[in-house]
Amino acid sequence: MERCQHSNSYFRFCGIISPMKMLISLILLIFVFSSCGQAPTHQSKFLWKPYSKQAIKDSVAHKKPVVIDFFAEWCPNCHELDRTVFSLPEIQAKLAQVTALRMDVTNQDDPQIQKILQEYEIEGVPTIIFLDSRGKEIKDFRIIGVVTPQEFSQALALLALLK
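Presented here is a report on the structure given in the accompanying data block. Numbering of residues starts from 1 in each chain and follows the order in which that chain's sequence is written. Totals for whole chains, interfaces and linings use every residue, but because this is a predicted model, local features are given only for residues with pLDDT of at least 70 and side-chain atom pairs only at 80 or more, for both listing and counting. In computing side-chain values, all of the structure's heavy atoms are included and hydrogens and water are not.

Numbering goes from the N terminus for both helices and strands, where a helix is a DSSP run of H or I of at least four residues and a strand is a run of E of at least two. Within the protein one finds six helices and five strands. For the protein, the N- to C-terminal ordering of α and β elements is α-β-α-β-α-α-β-α-β-β-α. Relative to its 163 residues, the protein shows a buried fraction of 37%. Residue contacts follow a heavy-atom distance rule, with two residues in contact if any of their heavy atoms lie within 4.5 Å. In the protein, once contacts between residues fewer than 6 apart in sequence are set aside, the share between residues at least 24 apart is 68%. For the area figures, the Shrake-Rupley method with a 1.4 Å probe applies, and any residue is considered shielded solely by the protein chains shown. Carbon and sulfur atoms form 59% of the exposed surface of the protein, whose accessible area is close to 10800 Å². Partly exposed describes any residue whose relative accessible area lies between the buried limit of under 20% and the exposed limit of over 50%, with all areas from a 1.4 Å probe on protein chains only and scaled to the type maximum.

Written out as structure tokens, the structure reads:
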């Protein structure tokens, strides 16, 4: 065995201790800095009313367009939209001008949820659909997957023009 230069004891793998400490330190630094770079988590759930046919009827009666967010708790992209798009104050302000509904499809085995998914031809989440003030979907506005705040904002601006 060789005598370790870093201590008074004999240790066969002396050269590994220092790189091991460096690796652990690097992992901790990456974790800390990756956490710092995340967008602040704002709760956007207060904006979304639960989906219901009655909510759509009420919006049509008031000639108000509707945005329906098809969301699932197990969906990472749904949570990303919450964190990076729906949490922004400018998006929240625009959503406040329409009827913003959230259809929670977490339990896809539920027959009522299956019926709504079929009715709107939803193939996956996240999917966001836009209904005009008469309650008819504007198919060209449909969003499937993650979008930027700018893309979502543009869709809301166009929806406002179609009142």
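Before going further, it helps to examine unusual backbone geometry. Geometrically, the link from Val-125 to Pro-126 is a cis peptide bond, its omega value of 0 degrees lying close to zero. Its place among the elements puts Pro-126 in the loop between α5 (111-119) and β4 (127-131). The phi torsion at Lys-63 lies on the positive side, around 55 degrees, for a residue other than glycine. Accessibility expressed as a relative area gives 60% for Lys-63, which makes it exposed. Residues other than glycine seldom take positive phi values, yet Glu-121 does so here, at roughly 55 degrees. By secondary structure assignment, the location of Glu-121 is in the loop between α5 and β4. Judged by its relative accessible area of 53%, Glu-121 falls in the exposed class.

As a further point, take the nonpolar core. If you look at the biggest cluster of nonpolar residues, it comprises 21 residues, and the most contacted ones within it are Tyr-51, Ile-68, Phe-70, Met-103, Val-105 and Tyr-120. Looking at this core, the elements that each hand over two or more residues are α2 (53-61), β2 (66-71), β3 (99-104), α5 and β4. Ranked by residue count, the leading element in this core is β2, at four residues. If we ignore the near neighbours within four places in the chain, the residues touching Met-103 are Tyr-51, Ile-68, Asp-69, Phe-70, Phe-71, Ile-113 and Ile-116. Here, the term nonpolar core denotes a set of buried Ala, Val, Leu, Ile, Met, Phe, Trp, Tyr and Cys residues that are joined through side-chain atoms within 4.5 Å. Counting residues in hydrophobic clusters, the runner-up holds 20 residues, among them Leu-81, Ala-100, Ile-138 and Ile-143.

As a further point, take α2. Listed as buried for α2 are Ala-55, Ile-56 and Ser-59. Burial along α2 is one-sided: seen end-on, the buried residues are contained in an arc of 100 degrees. Summarising the geometry of α2, the exposed residues directed more than 90 degrees from the buried face are Lys-57 and Ala-61. The inward-facing, buried residues of α2 contact β2, β3 and β4. An arc is given here, and it is the one of the directions from the helix axis to the C-beta atoms.

This paragraph deals with helix α3 (residues 76-86). Turning to α3, its buried residues number three or more, namely Cys-78, Leu-81, Asp-82, Val-85 and Phe-86. Take α3 and look down its axis: the buried residues cluster within an arc of 115 degrees, on one side only. Summarising the contacts, the buried residues of α3 are in contact with β2, α4 (89-95), β3, β4 and α6 (149-161).

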